[in-house]
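Spelled out from the first residue to the last, the chains are:
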Amino acid sequence: MPQADSLAAIRDLEQQVQEQAQAIQQLQQQLQTVEPESTAFDRIIGDSTAVREAIALAQAVAHVDSTVLITGESGTGKELIAKGIHQASPRAGRPFVAINCATLAENLQSSELFGHVKGAFTGAMRDRPGLFEAANGGTLFLDEVAEVAPSAQAALLRVLQEGVITRLGEHRERKVNVRLIAATHRDLDAASHAGAFRTDLFFRLNVVNIAMPALRDRENDVLLLSRQFIAEYNGKMNKTIAGLSPETARLFLGYGWPGNVRELRNVIESAVLLAR
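Here the residue index of a chain counts from 1 through its sequence in written order. Selection of residues for local features in this predicted model requires a pLDDT of at least 70, selection of side-chain atom pairs for listing and counting requires 80 or more, and totals for whole chains, interfaces and linings are taken over all residues. The basis for every side-chain value is the complete set of heavy atoms in the structure, and neither hydrogens nor water enter the calculation.

## Quick word on the overall build of the protein chain
Thinking step 1. Working definition: helices are DSSP H or I runs of at least four residues, strands are E runs of at least two. Numbering for both runs from the N terminus. A tally of regular secondary structure across the protein chain gives 11 helices and 7 strands.
Thinking step 2. For the exposure calls, accessible area comes from a 1.4 Å probe over protein chains only, and a residue counts as buried if that area is under 20% of its type's maximum, exposed if over 50%, partly exposed in between. Burial analysis of the protein chain (276 residues in total) assigns 39% to the buried set.
Thinking step 3. Long-range pairs, those at least 24 residues apart, make up 75% of the contacts in the protein chain with a sequence separation of at least 6.
Thinking step 4. Each accessible area is a Shrake-Rupley result for a 1.4 Å probe, and residues are judged covered by the shown protein chains and nothing else. Accessible surface computed for the protein chain: about 15,800 Å², of which carbon and sulfur atoms make up 51%. Contacts were defined at the residue level, with two residues in contact if any of their heavy atoms lie within 4.5 Å.

## Notes on the packing of helix α9 (residues 221–237) against helix α11 (residues 260–274)
Thinking step 1. Helix axes are fitted only over the stretch in contact, all axes being lines through C-alpha atoms; the angle between N-to-C directions runs from 0 to 180 degrees. Their axes nearest at 9 Å, the elements α9 and α11 cross at an angle of 45°. Compared by their axis directions, α9 and α11 come out oblique. At the point where α9 passes α11, the crossing takes the right-handed sense. Contact residues: Val-222, Leu-225, Ser-226, Phe-229, Ile-230, Glu-232, Tyr-233, Asn-234 and Met-237 in α9; Val-261, Leu-264, Arg-265, Ile-268, Glu-269, Val-272 and Leu-273 in α11. Every angle not falling under 35 degrees, over 145, or within 65 to 115 is termed oblique; those three ranges are roughly parallel, roughly antiparallel and roughly perpendicular. Helix crossings get a hand from a simple test, with the near helix turned counterclockwise from the far one by less than a right angle marking a left-handed crossing and a clockwise turn marking a right-handed one.

## Let's talk about unusual backbone geometry
Thinking step 1. Not every positive phi belongs to a glycine, and Asn-238 is a case in point at roughly 55°.
Thinking step 2. Structurally, Asn-238 is set in the loop between α9 and α10 (246–254).
Thinking step 3. Overall, the relative accessible area of 71% leaves Asn-238 in the exposed class.
Thinking step 4. Despite not being glycine, Asn-260 has its phi angle at roughly 60°, a positive value.
Thinking step 5. Within the secondary structure, Asn-260 is located in helix α11.

## Examining the layout of surface pockets
Thinking step 1. Within this model, the largest pocket holds a volume of roughly 590 Å³.
Thinking step 2. Lining the largest pocket are 23 residues, and of these Gly-75, Thr-76, Gly-77, Leu-80 and Val-261 lie nearest its centre.
Thinking step 3. Any residue that is not Ala, Val, Leu, Ile, Met, Phe, Trp, Tyr, Cys, Pro, Asp, Glu, Lys or Arg is counted as polar, Gly included; the first ten are nonpolar and the last four charged. Residues of the lining of the largest pocket, tallied by class, amount to 7 nonpolar, 6 polar and 10 charged.
Thinking step 4. Of the voids in this model, the second largest pocket is the one considered here, and its volume is about 190 Å³.
Thinking step 5. In terms of lining, the second largest pocket is formed by 13 residues, of which the most central are Thr-67, Val-159, Leu-160, Val-178 and Leu-180.
Thinking step 6. Looking at the lining of the second largest pocket residue by residue, the class counts come to 6 nonpolar, 3 polar and 4 charged. Points on a 1 Å grid, built from protein atoms alone, make a cavity when a 1.4 Å probe fits but cannot get out and make a pocket when they are open with protein on both sides within 12 Å along at least 5 of 7 lines; residues with an atom within 4 Å of a point are the lining residues. Grid points are joined across faces, edges and corners, and a volume is the space filled by probe spheres set on the points.

## Regarding a nonpolar patch on the surface
Thinking step 1. Without a salt bridge and with relative accessible area above 30%, a residue can belong to a patch; like charges are then joined within 9 Å and nonpolar side chains (Val, Leu, Ile, Met, Phe, Trp, Tyr) within 5 Å. Here, a salt bridge means any Lys or Arg side-chain nitrogen found within 4 Å of an Asp or Glu carboxyl oxygen. Side chains of Leu-108, Phe-121 and Leu-168 sit close together on the surface and give an oily, nonpolar patch of about 210 Å² of accessible area.
Thinking step 2. Relative to the assigned elements, Leu-168 resides in the loop between β4 (164–165) and β5 (174–175).

## Here we look at the side chain of Thr-184
Thinking step 1. Relative to the helices and strands, Thr-184 resides in strand β6 (residues 179–184).
Thinking step 2. Apart from the residues lying within four places of it in its own chain, the contact partners of Thr-184 are Leu-69, Ile-70, Thr-71, Gly-72, Lys-78, Glu-144, Val-145 and Ala-146.

## With respect to the packing of aromatic side chains
Thinking step 1. Note on ring pairs: Phe, Tyr and Trp rings are taken, using the six-membered ring of Trp, and paired if centres are within 6.5 Å. Classes follow the plane angle, with under 30 degrees stacked, over 60 edge-to-face and the rest tilted. Evaluation of the coordinates by the stated rule reveals 5 aromatic pairs.
Thinking step 2. Between Phe-114 and Phe-132, the aromatic rings sit 5.6 Å apart at their centres with planes inclined by 10°, giving stacked as the arrangement. Here Phe-114 is found in helix α4 (residues 109–114), whereas its partner Phe-132 is found in helix α5 (residues 131–134), with 18 residues between them in sequence.
Thinking step 3. On the accessibility criterion, Phe-132 (1% relative accessible area) is buried.
Thinking step 4. With centroids separated by 5.1 Å and ring planes inclined at 90°, the aromatic side chains of Phe-252 and Trp-257 adopt a geometry described as edge-to-face.
Thinking step 5. Among the residues examined, Phe-252 registers a relative accessible area of 12% and is labelled buried.
Thinking step 6. Put simply, the rings of Phe-252, Tyr-255 and Trp-257 pair up and form one aromatic cluster.

## Side note on the pairing of β6
Thinking step 1. Judged by how many residues are buried, β6 sits mostly within the fold: 6 of 6 residues are covered.
Thinking step 2. Of the two faces of β6, the one holding Arg-179, Ile-181 and Ala-183 and the one holding Leu-180, Ala-182 and Thr-184 are both buried throughout.
Thinking step 3. Where strand β1 (residues 68–71) and β6 come together, 4 bridges link them in parallel fashion. Note on β6: the bridge partner recorded for Val-68 is Ile-181. By definition, two strands form a pair when at least two bridges between them are found by DSSP.

## Quick look at the sheet that holds strand β3 (residues 139–143)
Thinking step 1. The parallel open sheet is built from 5 strands, whose spatial order is β2-β3-β6-β1-β7. On the outer flanks of this sheet lie β2 (96–100) and β7 (208–211), each paired with one strand and no other. Geometrically, the sheet is characterised by an average inter-axis angle of 20° between neighbouring strands, direction not taken into account.
Thinking step 2. In terms of strand pairing, β3 meets β6 through 4 bridges, oriented parallel. Note that in β6 the partner of Leu-140 across the bridge is Leu-180.
Thinking step 3. The strands that helix α2 (residues 49–61) touches are β1, β6 and β7; relative to β7, the one it contacts most, it runs at about 150°.

Keep in mind these values describe shape, not function.
Written out as structure tokens, the structure reads:
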């Protein structure tokens, strides 16, 4: 190759290297400006001491595999706390599987949780893994765990003790690696003393207890949440509601909110929708 051609080739190569270096630098700058993806913890709005303490405890236990029991009334954000724990844990890249146990018929709970094999019962036309296998490597969130039937409670205790499940109709154990988070609005301690819930299972679930406060116990958080929900529904409905009137704010602060944050969200959505 003539010397002139060699020099031209080297210059072209140097130009390509320089262009690639500039492209990498631009990409690095873009990545630095990308805002981190919000987590479930970020979606829990409130400045009250009670809710801050609940979030702090959830963040503290996220990095270990201890079983967590989240207690509190319906609508207080128990599933958000569970998702936040999963997202902040070493299991974040693995599945987060959630189920409300109250939605499962008692005769189907064991099948849903632990799976079944073909022919295990009428209608079992094929093998089917359960939720523990679906969550393997990740986190399983059992909401309303107090509704788990006694027959399924025994199998649930075995998973927590041994890390194994057995599908219905099968005679071999399967290892699972699942972090369990449970939630309830009931008093499981009282239920265990009354014989309605296994005491040994309660102790296994209640390694770490996170109590989610009711909205009426969260100081002025109802006003913070109202502003957030008004802004959210303004955007969704193309409205320009400025906020709560002083009279409405007083009413909100004095109301008991039995449905908690879920009830407040529904009230704000309806008000924004109907506002003229």
